[in-house]
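Each chain, letter by letter, is given below.
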Amino acid sequence: MIKDLLTPLLISFLKKNEIIVGNCGEILYICTLFNLKASKGYKKRCCFINKDSKVRFIGDYSAKTDAKGRVFLPVAFRKILDAEGERGLVLRRDVFQKCLVLYPESVWNEQLDGLRRGLNPWNSKEQMMLRQFVADAEFVELDGQGRMLVPKAKLHYAGIEGDVRFLAMVDRIEVWSKRALEELMGSHDELGSEMEQKFGQKEYGI
């Protein structure tokens, strides 16, 4: 597995030194011990490699909530979760749009790890940012029929009153009010020109 993550050059280099390999959450760390002469002893050097999630969703599906706020997670998404061995799900409000975001637990952990690394633990504003982001999240479970119970406060935030749209967003799923998503997508029809502006001047393709 290490060879899949490291470049051949680094592999060759590591073979000449003592290697320590381990995990810290979703981070793989690899340390080497360099002999710096007997008088100086050993020096440790580490590199850290993010292990990206393999979960990939695709599709846009409609569903309906029942009177209790339960909704069926689309079968296609459930099959992907099962195939990847994902059991836990985390739900929180999106920070930009009036929708909800459903994370497989491994993807949520990656998100938190990245957020913590990017924020200063001694900066009160940045810690409040982390606090608010984490506080809104909660675990949800699928019942035997593949339904999840969405808290009423979150349904209200997203404006969901019955009709739901599940929109795949690579490694996570957005949960929308059907009307809100249709309004958003219908009012944003400049995808081609925006992608050309973003990528058209680059020397490589997508």
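Everything discussed here concerns the structure shown above.
Residues numbered from 1 in each chain as written. Predicted model: local features only at pLDDT ≥ 70, side-chain atom pairs only at ≥ 80, totals over all residues. Heavy atoms only, no water.

## Focus on the pairing of strand β10 (residues 163–169)
Link 1 in the chain: Of all 7 residues that make up β10, 5 are buried, and the element is covered over most of its length.
Link 2 in the chain: Examined bridge by bridge, strand β4 (residues 60–64) and β10 share 5 bridges and lie antiparallel to one another. Along β10, the bridge assignment pairs Ala 63 with Val 164.
Link 3 in the chain: In this structure, β10 lies alongside strand β11 (residues 172–177), joined through 6 bridges in antiparallel fashion. Across the sheet, Arg 165 pairs through a bridge with Trp 176, a residue of β11.
Link 4 in the chain: The turn joining β10 and β11, which pair antiparallel and follow one another in sequence, is formed by 2 residues; a positive phi near 65° is taken by Val 170. (Buried < 20%, exposed > 50% of the residue type's maximum accessible area, 1.4 Å probe, protein only. Helix = DSSP H or I, 4+ residues; strand = E, 2+ residues; numbered from the N terminus. Pairing = 2+ DSSP bridges.)

## A word on the nonpolar core
Link 1 in the chain: Leu 73, Leu 102, Met 148 and Phe 166 are the most contacted members of the largest nonpolar core, which totals 23 residues.
Link 2 in the chain: Residue assignment for this core shows that the elements contributing at least two residues are α3 (75–83), β6 (89–93), β7 (100–104), α6 (152–158), β10 and β11.
Link 3 in the chain: When neighbours within four sequence positions are excluded, Met 148 is seen to be in contact with Gly 69, Arg 70, Val 71, Leu 102, Val 140, Glu 141, Leu 142, Phe 166 and Val 175.
Link 4 in the chain: If you look at the next biggest cluster of nonpolar residues, it comprises 7 residues, including Val 90, Val 101, Tyr 103 and Val 107. (Core = buried A, V, L, I, M, F, W, Y, C linked by side-chain atoms within 4.5 Å. Contact = heavy atoms within 4.5 Å.)

## Some thoughts on helix α4 (residues 105–118)
In an α-helix there are 3.6 residues to a turn, and that puts residues three or four apart on one side.
Link 1 in the chain: Over its 14 residues, α4 extends 20 Å from the first C-alpha to the last, a length consistent with the 20 Å expected when each residue adds 1.5 Å.
Link 2 in the chain: Considering only its buried residues, α4 is in contact with β6, β7, α5 (124–135) and β11. (Expected span 1.5 Å × (residues − 1).)

## Digging into α5
Link 1 in the chain: With 12 residues, α5 should cover 16 Å at 1.5 Å per step; its first-to-last C-alpha distance of 16 Å lies within 8% of that length.
Link 2 in the chain: Capping the start of α5, Asn 123 holds a side-chain oxygen 3.0 Å from the backbone nitrogen of Lys 125, two or three residues further along. (Polar contact = N/O pair within 3.5 Å; in protein donor to acceptor, adjacent residues only side chain to side chain.)

## Overview of the packing of aromatic side chains
Link 1 in the chain: Summed over the entire model, instances satisfying the criterion amount to 4 aromatic pairs.
Link 2 in the chain: Site record: aromatic cluster; members linked through ring pairs are Phe 57, Tyr 61 and Phe 77.
Link 3 in the chain: The side chain of Arg 92 reaches across the aromatic face of Phe 133, ending 4.2 Å from its centre.
Link 4 in the chain: The cationic tip of Arg 93 hangs over the ring face of Tyr 157; the distance from NZ or CZ to the ring centre is 5.0 Å. (Phe/Tyr/Trp six-rings, centres within 6.5 Å; stacked < 30°, edge-to-face > 60°. Lys NZ or Arg CZ within 6 Å of the ring centre and 35° of its normal.)

## Let's talk about a nonpolar patch on the surface
Link 1 in the chain: A surface patch of nonpolar side chains, about 260 Å² in accessible area, is lined by Leu 191, Met 195 and Phe 199.
Link 2 in the chain: Note on placement: Phe 199 falls in helix α8 (residues 191–199).
Link 3 in the chain: Since its relative accessible area comes to 31%, Phe 199 is described here as partly exposed. (Patch = residues over 30% accessible without salt bridge, like charges linked within 9 Å, V, L, I, M, F, W, Y side chains within 5 Å. Areas by Shrake-Rupley, 256 points an atom, 1.4 Å probe, with all protein chains shown as cover. Salt bridge = Lys/Arg side-chain N within 4 Å of Asp/Glu carboxyl O.)

## Overview of the side chain of Arg 147
Link 1 in the chain: Relative to the assigned elements, Arg 147 resides in strand β9 (residues 147–149).
Link 2 in the chain: Separated by 2.8 Å, the side chains of Arg 147 and Asp 143 make a polar contact.
Link 3 in the chain: Setting aside chain neighbours within four positions, we find Arg 147 in contact with Asp 66, Arg 70, Val 71, Phe 72, Glu 141 and Leu 142.

## Side note on the environment of Arg 78
Link 1 in the chain: As for its placement among the helices and strands, Arg 78 is situated in helix α3.
Link 2 in the chain: Separated by 21 residues in the primary sequence, Arg 78 and Phe 57 place their C-alpha atoms 10.0 Å from one another.
Link 3 in the chain: Not counting residues within four places of it along the chain, the set of residues in contact with Arg 78 comprises Leu 73, Leu 142, Gln 145 and Gly 146.

## Quick notes on the side chain of Arg 92
Link 1 in the chain: With respect to the helices, strands and loops of the structure, Arg 92 is situated in strand β6.
Link 2 in the chain: According to the relative accessible area criterion, Arg 92 is buried, its value standing at 6%.
Link 3 in the chain: Setting aside anything within four residues of it in sequence, one finds Arg 92 in contact with Leu 100, Val 101, Tyr 103, Trp 108, Gln 132, Phe 133, Val 134, Asp 136, Ala 137 and Lys 154.

## Some points on the packing of α4 against α5
Link 1 in the chain: With their axes 10 Å apart at the nearest point, α4 and α5 run at an angle of 170° to one another. In terms of their interaxial angle, α4 and α5 are classed as roughly antiparallel. Of the residues in α5, those in contact with Trp 108, Gln 111, Leu 112, Leu 115, Arg 116 and Gly 118 of α4 are Glu 126, Leu 130, Phe 133 and Val 134.
Link 2 in the chain: Its residues placed into classes, the contact of α4 with α5 shows 6 nonpolar, 2 polar and 2 charged. (Axes fitted to C-alpha atoms, helices over the stretch in contact; angles between N-to-C directions. Parallel < 35°, antiparallel > 145°, perpendicular 65-115°, else oblique. Nonpolar A, V, L, I, M, F, W, Y, C, P; charged D, E, K, R; others polar.)

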